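Remarks on the overall topology
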Amino acid sequence: MANGTADVRKLFIFTTTQNYFGLMSELWDQPLLCNCLEINNFLDDGNQMLLRVQRSDAGISFSNTIEFGDTKDKVLVFFKLRPEVITDENLHDNILVSSMLESPISSLYQAVRQVFAPMLLKDQEWSRNFDPKLQNLLSELEAGLGIVLRRSDTNLTKLKFKEDDTRGILTPSDEFQFWIEQAHRGNKQISKERANYFKELFETIAREFYNLDSLSLLEVVDLVETTQDVVDDVWRQTEHDHYPESRMLHLLDIIGGSFGRFVQKKLGTLNLWEDPYYLVKESLKAGISICEQWVIVCNHLTGQVWQRYIPHPWKNEKYFPETLDKLGKRLEEVLSVRTIHEKLLYFLPASEEKIICLTRVFEPFTGLNPVQYNPYTEPLWKAAVSQYEKIIAPAEQKIAGKLKSCISEIQDSPQQLLQAFLKYKELVKRPTISKELMLERETLLARLVDSIKDFRSDFENRCRGIPGDASGPLSGKNLSEVVNNIVWVRQLELKVDDTIKIAEALLSDLSGFRCFHRNAEDLLDQLKLYEQEQFDDWSRDIQSGLSDSRSGLCIEASSRIMELDSNDGSLKVHYSDRLVILLREVRQLSALGFVIPAKIQQVANIAQKFCKQAIILKQVAHFYNSIDQQMIRSQRPMMLQSALAFEQIIKNSKTGSGGKSQITWDNPKELEGYIQKLQNAAERLATENRKLRKWHTTFCEKVVVLMNIDLLRQQQRWKDGLQELRTGLATVEAQCPLAWQSKWEGPEDPLQYLRGLVARALAIQNWVDKAEKQALLCETLDLSELFHPDTFLNALRQETARAVGRPVDSLKFVASWKGRLPEAKLQIKISGLLLEGCSFDGNQLCENQLDSPSVSSVLPCFMGWIPQDACGPYSLDECISLPVYTSAERDRVVTNIDVPCGGNQDQWIQCGAALFLKNQ
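Rules of the game
- Residues numbered from 1 in each chain as written.
- Predicted model: local features only at pLDDT ≥ 70, side-chain atom pairs only at ≥ 80, totals over all residues.
- Heavy atoms only, no water.
- Phe/Tyr/Trp six-rings, centres within 6.5 Å; stacked < 30°, edge-to-face > 60°.
- Helix = DSSP H or I, 4+ residues; strand = E, 2+ residues; numbered from the N terminus.
- Buried < 20%, exposed > 50% of the residue type's maximum accessible area, 1.4 Å probe, protein only.
- pLDDT = per-residue confidence, 0-100.
- Contact = heavy atoms within 4.5 Å.
- Axes fitted to C-alpha atoms, helices over the stretch in contact; angles between N-to-C directions.
- Parallel < 35°, antiparallel > 145°, perpendicular 65-115°, else oblique.
- Left-handed = near helix turned anticlockwise from the far one by under 90°.
- Nonpolar A, V, L, I, M, F, W, Y, C, P; charged D, E, K, R; others polar.

An unreviewed UniProt entry annotates the protein chain as Dynein cytoplasmic 2 heavy chain 1 originating from Rhinopithecus bieti.

As C-alpha cells, this is what we get:
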C-alpha cells in the first residue's frame, strides 16, 4: 500500500470510489491521486464542503465544484454535514455520500420519492414532528420534479419537451400522469387534444394501476385483459398523430414490471411451503396466469396484430418480457413442487410419511424466497430443487405401485384414463413412476392415436358442409361463414395441440410416440391449410366484389346517403348490410391473426369512417319503414302532420346555399346536422305515437271498468268514470278526429239510459207479439220505441220491393197527413214525431208565435215506399224535405220525409226546422 493510503480518510474515499465505479485497479496505487489537491482541500479545509468524483474516458477526476455538464457521466459526491476538518474521529459522522445519475433533477426526484418523502410523510414518528406546511411543500416538490422530469430531455442544456424521452416514466401511473399534464400544458391546441385523447383512453385502467397493491390476484387477472384492450386502442387510434413506438415499448415493459412486482408482493405474504395447499394453489395459478397472459399479450400485439396494422405498423422485433416470463416459470416450478408433495401425501398413510422423511421435504428451501426470481437466485433455487428431489425419491418408489394399480382399474375407459393421467401428471413425469407405468402409458398413447383419427375423420366429414348443418362445421353466434369455419377449425387445432402436449409431457420416451407425433403434426398442417384456404377464398370473393357495383361492397364518399325507393316508397340507406358484415369480418379475421389485403383494408377503413352515421341512418330508415305498423289504425289520421313533416325532411336532404346540392358521406358537418334533424323528427313522431297508444290503452281500461259498474247501485262511480274519460279525451281533442270521438258517445245519466232501455225492451216485445199476429202494420207505431228505427224502415223497404216485384233502389219514401197512401203496397201509421223550429197543423208548416213551445208534437201520418215514378201525396213545389233525427241532439238521422210547407222552402231552412223522435 502506498504511503498516501496510511491516511484513513483517503482510504475511505478511495475504497468507496473504487466500489462505486467498479474499478479493477486500486486507486491508492496511483501517486497523483494520493496527492490530489482537491482531495486534500476537502479533507483539510473546513470551508471546503464538497468533493465530486467523476469517471470519464480519461479516467477518474476529482473536483470541489459541480457543473451541469458533469451529469453526462456517473458522478459520486462526498459532502460535509458540518464545516469542519475531517479527522479519523468524525470521518463517519460528518461525511455524506450521494451518487448522481442521468441528471440532478432525476437524482433529486428519486431521493425525495424513494427516501425522504416516505420517511417524513408516512413514518409516524417523523411525520408527527414535521410541520404540516413543510409536508405540503415536500409533496409539491416531489410532484413538481416529476412533471419536469417527464417533460425534459436531460441530455440538452435547456429543458425541452421530447416525447421519446421516457427516463422519467418509471411506472404506468407516471405514463398516465404524463398525458394528463400534456393535456393541460401543451404548447399547441392540437397537441392538447391529442394528449387529452390518450388521457381518456388510459383512464379506463389508471385508477386500477394507481391502487394496484389493493387489488386481489384475480382482479389483476381481469386487469391484464382490460390493459390489452387499452394499449391496443392507443396504438390503433387514427384521430391524431400516432403513439411513438419507443414510448409504447417502454410502456409495455413497465406494465410488465408492475405486474411482476405485484405478483411477487402478493405471493410474498404467503408461506408457500406450509400454508394450506388449496390456498397456495389458487394464488400461484392466478400469479402464473398474470405472467403468462401479459407475455402472450405482448407477443400477440407486437408480433402479429400491430405488425400487420397498415395505418401504424410495429417496425421493431416483437417485444418479449423475459423477466416476467421467467417469473411465471418459477411460479410453475413452485406449484409443481407443492402439487407433487400433495399427491405423495394422498397415496401414503401418515405412518409411512415419517419413515420416508416427507415431514422435512421442504427443508432445502429454508431461507429461500421462491418468488424472488433473478439470475443471482437461480443457482440457489436449482440446488434446492435438486436436494428436494433426493428427499422424495423413496416416496416415489413407495407410491409407484399404488398409482399403477389405481390407473389399471380404469384403463378400459379412455376418458377416465386420460383424466387420471392429467390428475397425477406431476407424479407421472417423475422418472421412477414413469418407468413403473410403462404399460399404462402405452395404453394412453393408443387412446391418443385414436383421438387423432377421430379428429381427422370429424374434420373430413364436416369441412365441405354448411355451418350449422348436421354434416357441416359447428356454428357460432354472430359469425359469418368464413369466420365461423376458421373458428371451428381453430378449435380442432387446439384439441390436437392439447393432445400433442399431453403426449410430449408424459409419453415422449415411448416407441410409438414418433409415429403419433408425425400423424398429429400432419393433421395440424391439414387444418392450417384449410384455414388458409378459407381466408384466401374470402379475399378473392371480396376483391372481385369490389369491382361490382351491385355487390354492396362499394361506397363512394361523394354519393347520396339515402333516398326513397320509387317502387315501394321505402327509405333506403346507401350503406349496405354487406358492408357492415365486411367490417365485422375484417375485425374478426385481424384478431385471428390474418393479414388483410390492402385493397380490402382500404374499403374497410372507408366503411368504418362512416359506420357510425350509417347505423344511425339505418335505424331512422327502419323507423320510417315500420312506423305505420306501430300505429293504431284509427290513430293514423291524428299523426298525419308529424308524419308528413318527417317525410319532408327525408325528401329535402340537401345542403349549401339554396339547398342545391345533396348531402353526401364526405360532408361530415352537414351530415351530422342532417342526422340530428332526422333523429329529432323521428323522436317527435315516436313520442307522439307512444303518447296516443298510451291514451288508447288507458281509455280501453277505463271502458272495461265502466262496463263492470252496476248502473242502479253505483251511479256516482259511473259519473266519475265518465268524467275521467272526457278529461282524457280533452287532452287529445285537438288531434282527435270526430269519427274517433264519436266512438265514445253515451248518456251521462245512467238512470235516463236505463229507463229508455227498459221502455224500448218492453215495446219491442209488444211489437213482436203484434208481428206474430200479423197485426203490426194495422196499428199506429211509435218509432222511438225502437233501438234502430232506420233498420225497421229499411226492412219495410225490402218487404215492399218483394211485394211489388221491383228493385229496392227503384223505391222512394213518402209520408202523408191526408190519409192512406194508395200507391204503397205496404204502409205504416207513425206517431210520436216532434217538430222543432216551427209548427205543423197537418196541412202545412207555420211560424211559431211568441207563446208557442219550441218543440211541438206532429200529428200521426202514413209512411211507406212507393215507386220512383209514382206521384206522391204532395207536389215537390209545396214540400220541403226535413230530416228525422233519433233525438233532439240531432246527432243521428233516421230518414228524411217531405212535409208540406206552402212553397217557401228557404224560410224553413233558415229557421232550422227538423223532426226527431220523442225520448223514451
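1. Digging into the packing of aromatic side chains
Inspection of the entire model under this criterion finds 29 aromatic pairs. Plain terms: the ring middles of Phe365 and Trp381 are 5.3 Å apart, the flat faces sit at 40° to each other, and that makes the pair tilted. Linking Phe365 in the loop between helix 14 (350-355) and helix 15 (378-408) with Trp381 in helix 15, this pair joins segments that are 16 residues apart in sequence. Both residues of the pair, Phe365 and Trp381, count as buried. Seen from their ring centres, Phe513 and Phe516 are 6.3 Å apart, and the 45° between their planes marks the pair as tilted. Here Phe513 pairs with Phe516, and both are found in helix 21 (residues 513-546), just three residues apart, close to one helical turn. An identical accessibility class is assigned to Phe513 and Phe516; each is buried.

2. Here's the deal with the confidence of the model for the protein chain
Mean pLDDT over the protein chain stands at 81; residues scoring 70 or higher make up 86%. Mean pLDDT in the protein chain bottoms out at helix 14, which sits at 54, and peaks at helix 10 (residues 217-236), which reaches 93. Confidence drops under pLDDT 50 across residues 153-160; counting only partners more than four residues distant or on other chains, this segment forms 18 contacts.

3. Let's talk about the packing of helix 20 (residues 481-506) against helix 22 (residues 577-591)
Close contact between helix 20 and helix 22 brings their axes to 10 Å; oriented N to C, the two are set at 20°. With respect to helix 22, the element helix 20 is oriented roughly parallel. You can see that helix 20 and helix 22 cross each other, and the crossing is left-handed. The residues of helix 22 that touch helix 20, namely those facing Val482, Val483 and Ile486, are Glu585, Gln588 and Leu589. Of the residues belonging to the contact of helix 20 with helix 22, the class tally is four nonpolar, one polar and one charged.

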